[in-house]
Amino acid sequence: MNLRLLLTLLVSLVIIENLIASEPVVITSKMTHLRSSGDREWTTFPELSELQELSLSFQAEVNQTEASLLLRQDDVKLSWNVELNGTVLGKLSRDGNDQQYSLPVPPKTLKTGKNQLRIFQVGKPTPDDIRVGEIVLYPESIQRALSEAELTIEVVDGQSGKHLPSKITIVNEAGTLVATTALSNDRRAVRSGVIYVSDGKTDLSLPAGAYTVYAGRGFEYGIDHRKISLKAGDHKKLRLKINREVDTTGYVSCDTHVHTLTHSGHGDSSMEERMLTLAGEQIEFPIATDHNKQISYESLSRKLKVRQYFTPVVGNEVTTRLGHFNVFPLPEGGPVPDYKLKKWDEIFKSIYETPQMKVAILNHARDLHSNYRPFGPRNHISQTGENLDGWRLRANAMEIINSGATQTDVMQLYHDWFGLLNRGVFLTPVGSSDSHDVCRYIVGQARTYIQTQDQDPSQIDVGQTVQNFVDGKVLLSYGLFTRIKVNSQYGPGDLVPQSKDLEVSLTVSGPSWVTADQISLYANGQLIRSEKIKAKKQGGVKWQGTWKLKKFPHDCHLVAIATGPGVVAPYWPLAKPYQPDSPEFESQVVGSTGAVWIDADGDGKKTPAYAYAQKLVNQHADDHKALIKSLSNYDQAVVFQAASLLRARGVSPFDSQLTKLLQDAASQVQIGFAIYAEAWRASQIARNTQ
């Protein structure tokens, strides 16, 4: 064999070897259910997992340059390492969404011959059911591996044709959020299958395949979508049109609980990405609340050309060992409340001494942080709003819906709020997102609508809007928007003058992609009327009605709450509970009003149930029979407070003489004392076991 022929053969072998090495390696094409320990996290998973960890062998060639690993993951909550040949490439994304996720493989991490991939949970053994699989190894960077076809997307207002800040969502035929070549920059915030665009335009590349592309702009807008098939070498364009569907005239959308990775140190949203997500979800009055810091969005939002879409406010999540409290407005870089204090009196004193501060919100009161749960049974009785340590809650608002820390029972925090109102602790209800992320928890998914001038979102009157918030002139939205008018003119935060009868007009609205199925009205926390809503697919008004109510025997507060099935679509999925009470969970959308007070006794004041109970207990201090008889003229909220006041005077809820007297009492009195007794028993058990 001559030298030229030998050289030609060697070159050919090198080319063939390179071609073989450049082919992707399918490590596994199936999804596997993993749980490293404990009982199943959710009943949607089998009782037994397939494996505790995933360990896969495959053949490959040593990589001289960076390679990449692309996998599919679903329902990941905790920390899972991805390890290749003993080298940790990184962790799965801590995200409940079904998505593709990529990790770089550094040069020479692969070996020629047998390689071992391992995915396993790290940290404290805690149940975390996940699905992972469909793992492909690419011999090149993920950017190059995904660049088979090009796609240009535009999102415009369906009426004006103008480009809009928006959220673009891309899924494959399985409904999985797909990896793309798009990267975050000063115009877009990008994660797997999600691109927030500040100017309504983006370019990206995708592998050949079939996809669905969605466009939206938060709760108030409809969704447009297109199915598209891409072949290698394609360059296609999509123009998606979205329309405003929910009328929120007279209210501005506010998220009182917004974080960034930049300043909070966890989550994944940079400051730049946060500006774009706020514009893309149409949050008009965002409150910056990074932990124990006072950060302004003003200059950066102007630099990124999104300041025209919102009026930012400086706040602070005062993160203590005895609860978290969002406070605003505050001066940027000004004095920070002392978050190291160890008593509520001291904490609130420090908060209220902070310059310019008007609002103090009790955050996620049912969640455990630093081994303290503000409204856990050890510390709090929900029915009466009692703090069992005798601490005074000096907040003037509380989170009712936190879409980043949802409750198993969506009504639990409502009942806690009702109990506090009945105790005389007047708090503004709050919807917020607690988002630290670009799309794991959607910023503004739960939000508070504040009554104020809303013509120009860039010029919102901060002082007036904050005062309206403090006055309770708010509506809460987590997928629905519920309005209330009493006697044609009184809404949340108002006191309705004494009148013979009441007309309560209610309107439930939502976008076309949300369903409402129930509207309910509560008086002093007790359900007094409810009606089924027939599903309407169109956006806008889902239901309207006027209910006539008889005069109440004493002052009370009215709150309307609409609910419906939770959203599971990939463009706006509702998160599972952050600290669940049960492995069973059914998500719900919610739209509720603030409290409208009824001045039934005509004294021109909001008289809470506690005040009525206190008067009756003082009047019949030594005559429990007379007290129980007098309570028949009051609702269950007053009964709860009376039982609490008796207990404070040393009369046990299980006192035998009291129990005997209750046998002849009105039904609401019997039930009220029984419910309070069980709540008191549960609290004592909790206090004795911790």
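Residues numbered from 1 in each chain as written. Predicted model: local features only at pLDDT ≥ 70, side-chain atom pairs only at ≥ 80, totals over all residues. Heavy atoms only, no water.

**Student:** Describe the pattern of salt bridges, listing the residues and the values that go with them.
**Tutor:** The final tally for this structure, using the stated rule, is 24 salt bridges. Note that Glu 47 and Arg 40 form a salt bridge whose closest N and O atoms lie 4.0 Å from each other. Judged by relative accessible area, which is 59%, Glu 47 ranks as exposed. What makes Arg 40 partly exposed here is its relative accessible area of 26%. Put simply, Glu 273 and Arg 191 hold a salt bridge, and the shortest N to O gap is 2.8 Å. (Salt bridge = Lys/Arg side-chain N within 4 Å of Asp/Glu carboxyl O. Buried < 20%, exposed > 50% of the residue type's maximum accessible area, 1.4 Å probe, protein only.)

**Student:** A description of the nonpolar core should follow, citing residues and the corresponding values.
**Tutor:** In summary, soluble globular proteins display a tendency toward joint burial of nonpolar side chains. With 117 residues, the main nonpolar core has Tyr 414, Trp 417 and Val 486 as its most contacted residues. Leaving out residues up to four positions away in the same chain, Trp 417 has contacts with Met 398, Ile 400, Leu 427, Pro 429, Val 559, Thr 593, Gly 594 and Ala 595. The next biggest cluster of nonpolar side chains, apart from the first, holds 27 residues, and it includes Leu 388, Val 617, Ala 637 and Trp 680. (Core = buried A, V, L, I, M, F, W, Y, C linked by side-chain atoms within 4.5 Å. Contact = heavy atoms within 4.5 Å.)

**Student:** Talk me through the packing of aromatic side chains; I want residue IDs and the actual numbers.
**Tutor:** Enumeration over the complete set of coordinates arrives at 18 aromatic pairs. Each residue in the set Phe 325, Trp 344, Phe 348, Tyr 372 and Trp 391 is aromatic and connected to the rest through ring pairs, giving one cluster. The ring of Phe 120 carries the charged tip of Arg 118 above its face, separated from the ring centre by 3.7 Å. (Phe/Tyr/Trp six-rings, centres within 6.5 Å; stacked < 30°, edge-to-face > 60°. Lys NZ or Arg CZ within 6 Å of the ring centre and 35° of its normal.)

**Student:** Any chance you could break down the sheet that holds strand 3 (residues 67–74) for me, citing the residues and the numbers?
**Tutor:** Within the open sheet, the four strands sit side by side as 1-8-3-6. Their pairing is antiparallel. In this open sheet, the two edge strands, each paired with only one partner strand, are strand 1 (25–34) and strand 6 (99–105). The sheet shows a mean angle of 20 degrees between the axes of neighbouring strands, direction not considered. With seven bridges connecting them, strand 1 and strand 8 (residues 130–138) associate as antiparallel partners. Across the sheet, residue His 33 finds its bridge partner in strand 8, namely Arg 131. (Pairing = 2+ DSSP bridges. Helix = DSSP H or I, 4+ residues; strand = E, 2+ residues; numbered from the N terminus. Axes fitted to C-alpha atoms, helices over the stretch in contact; angles between N-to-C directions.)

**Student:** Residues and numbers for the sheet that holds strand 29 (residues 481–486), please.
**Tutor:** The strands that make up a sheet are held in pairs by hydrogen bonds between backbone atoms, and each pair lies either parallel or antiparallel. Taken together, the three strands give an open sheet; going across it, the order is 29-31-34, and neighbouring strands pair in antiparallel fashion. At either end of the open sheet lies a strand with only one pairing partner, and these are strand 29 and strand 34 (540–550). Pairwise comparison of adjacent strand axes, ignoring direction, gives a mean angle of 15 degrees for this sheet. Where strand 31 (residues 501–510) meets strand 34, ten bridges bridge the pair, whose relative direction is antiparallel. When the sheet's bridge partners are listed, Val 508 is paired in strand 34 with Trp 543.

Nothing here speaks to function; it is all geometry.
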